[in-house]
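So the chains spell out like this:
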Amino acid sequence: MKAIRLVEPLSPLQMHEIPVPTIGEGDVLVRVRAAGICHSDVHFRAGKVPVQPLPRTLGHEIAGVVEQVGSHVTTIKVGNRVCVHYVLSCGECCYCHMGNEQLCPQGSIIGSHVDGGYAEYVAVPERNAVHLPEEIPFEHGAILMCSSATAFHALHKSRLKSGETVAIFGVGGLGVSAIQLAYAFGALDVYAVDINVVNVNTGWRQNLIIIWRNISLAFFFLKLWRDLCWLV
Ligand SMILES: [Zn+2]
Ligand SMILES: [Zn+2]
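Residues numbered from 1 in each chain as written. Chains lettered and ligands numbered in written order. Predicted model: local features only at pLDDT ≥ 70, side-chain atom pairs only at ≥ 80, totals over all residues.

> Could you clarify how one ought to interpret the overall build of the protein chain in this entry?
What the protein chain contains, in helices and strands, is six helices and 13 strands. Of all 232 residues assigned to the protein chain, the portion counted as buried reaches 34%. (Helix = DSSP H or I, 4+ residues; strand = E, 2+ residues; numbered from the N terminus. Buried ≥ 20, exposed ≤ 12 C-beta atoms within 10 Å, placed from the backbone.)

As structure tokens, then:
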């Protein structure tokens, strides 16, 4: 199969012909239909975050169609549309049970520690394959698993409640996800702030309520709003 691989930091990725991955009895083989480019991939290529050993197939934002399933797989069938959760963990240690699988001693990342989705196929454990509804395009399903999940986590940590107002700083990939998710959380108003006009215009197309182009002004009003809330 064709795979786009990191061979050496600071060098262009290279297309290689490598074997289709074999799957274990608890794995599924996914034919990749979309794979997002994350800023982490930029760090990997720049050598800021070392990837060893090389070459490595990057890509951890993945969606596709299941082509093959292992003999012990029960929840996923051949032909299912799936997106891929990129953290591989044991699922049994105390950290995994607490929902902190990123701390799992056996944890690893698809597209960094093991080969990822810049390829025709990727093999993942059954528990990492998440059903993707028909109405969600593969391209959206892929980024849901990283950039949108990060924005979701941030909003969850903010304890945003229905009817509240939220300010999103940065209308890039994560910011656009955060804006849409903030409305889904029930936010009354979403203030989106960016110093990049292109991003601001993108924001307008997303039917944003309010955007300040001047970040200093935005901070001023945000502080004023906080102070007023404090006084009330
Ligand atoms: Zn990512
Ligand atoms: Zn674990």
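> What is the right way to look at the environment of Ala142 in this model?
Turning to its location among the elements, Ala142 is positioned in helix H3 (residues 138-158). Expressed as a C-alpha distance, the spacing of Ala142 and Val32, which sit 110 residues apart in the sequence, is 9.7 Å. The contacts of Ala142, once residues within four sequence positions are left out, are Ala34, Ala35, Gly36, Glu61, Ile62, Ala63 and Cys83. (Contact = placed C-beta atoms within 7 Å.)

> Looking at this structure, how should I read the sheet that holds strand S3 (residues 27-36)?
The strands that make up a sheet pair up through hydrogen bonds in the backbone, lying either parallel or antiparallel. Pairing is antiparallel in the open sheet, where five strands are placed in the order S9-S3-S5-S6-S10. Bordering the open sheet on either side are strand S9 (121-125) and strand S10 (129-131), each of which pairs with just one other strand. Within the sheet, the average angular offset between the axes of one strand and its neighbour, ignoring direction, is 45°. Inspection of the sheet shows strand S6 (residues 81-84) paired to S10 by three bridges, in the antiparallel sense. Of the residues in S10, the one forming a bridge with Val82 is His131. (Pairing = 2+ DSSP bridges. Axes fitted to C-alpha atoms, helices over the stretch in contact; angles between N-to-C directions.)

> Would you mind showing me how to read helix H4 (residues 173-184) here?
An α-helical turn contains 3.6 residues, so any two residues separated by three or four positions project in the same direction. An ideal rise of 1.5 Å per residue puts 16 Å on 12 residues; H4 measures up with 17 Å between its terminal C-alpha atoms. Within H4 the residues assigned to the buried category are Leu174, Gly175, Val176, Ser177, Ala178, Ile179, Leu181 and Ala182. Just downstream of H4, Gly186 is the residue with a positive phi angle, here 100°. (Expected span 1.5 Å × (residues − 1).)

> Sorry if this is basic, but what is going on with the nonpolar core here?
Nonpolar side chains in soluble globular proteins tend to be buried together. Grouped together as the largest cluster of nonpolar side chains are 35 residues, with contacts concentrated most on Val28, Val30, Ile62, Val82, Val84 and Val122. Those elements giving two or more residues to this core turn out to be strand S1 (2-6), S3, strand S5 (61-69), S6, S9 and H3. Per-element tally for this core: the top contributor is S3, with five residues. Membership of the second largest hydrophobic core comes to 15 residues, among which are Ile168, Leu174, Ala187 and Ala192. (Core = buried A, V, L, I, M, F, W, Y, C linked by C-beta atoms within 7 Å.)

> In this structure, what is going on with the packing of H3 against H4? I would like to understand it.
The description of two helices packed together rests on the angle between their axes and the distance between the axes. Relative orientation of the contacting elements H3 and H4 amounts to 55°, with a least axis distance of 8 Å. The orientation of H3 with respect to H4, classified from their angle, is oblique. Note on packing geometry: the crossing formed by H3 with H4 is right-handed. Judged by residue contacts, Ser147, Ser148, Thr150, Ala151, Phe152, Ala154 and Leu155 of H3 engage Gly173, Leu174, Ser177, Ala178, Leu181 and Ala182 from H4. Looking at the contact of H3 with H4 residue by residue, the class counts come to eight nonpolar, five polar and no charged. (Parallel < 35°, antiparallel > 145°, perpendicular 65-115°, else oblique. Left-handed = near helix turned anticlockwise from the far one by under 90°. Nonpolar A, V, L, I, M, F, W, Y, C, P; charged D, E, K, R; others polar.)

> In this structure, what is going on with unusual backbone geometry? I would like to understand it.
Phi is mostly negative for residues that are not glycine, and the peptide bonds are mostly trans. In this model, Gln52 is joined to Pro53 through a cis peptide bond whose omega is -10°. Along the chain, the position of Pro53 falls in the loop between helix H1 (39-46) and strand S4 (56-57). Omega for the peptide link from Leu54 to Pro55 comes to 0°, which places this bond in the cis form. Mapped onto the elements of the fold, Pro55 is located in the loop between H1 and S4. Positive phi, close to 70°, is recorded for Leu10, a residue that is not glycine. Despite not being glycine, Arg159 shows a phi value in the positive range, around 60°.

> Any chance you could explain the sheet that holds S4 here in plain terms?
Taken in spatial order, the three strands of this open sheet run S2-S1-S4, and their pairing is antiparallel. A single partner strand is all that each edge strand has here, and the edge strands are strand S2 (14-17) and S4. For S1 and S2, the ladder comprises four bridges, and the chain directions are antiparallel. What sits directly across from Ala3, in S2, is His16.

> Honestly, the environment of Ser71 in this entry has me stumped. Any pointers?
Tracing the chain through its elements places Ser71 in the loop between S5 and S6. Classification of Ser71 as exposed rests on a count of 8 C-beta atoms within 10 Å. Considered as a pair, Ser71 and Asp27 are 44 residues apart in the sequence and their alpha carbons are 8.5 Å apart.

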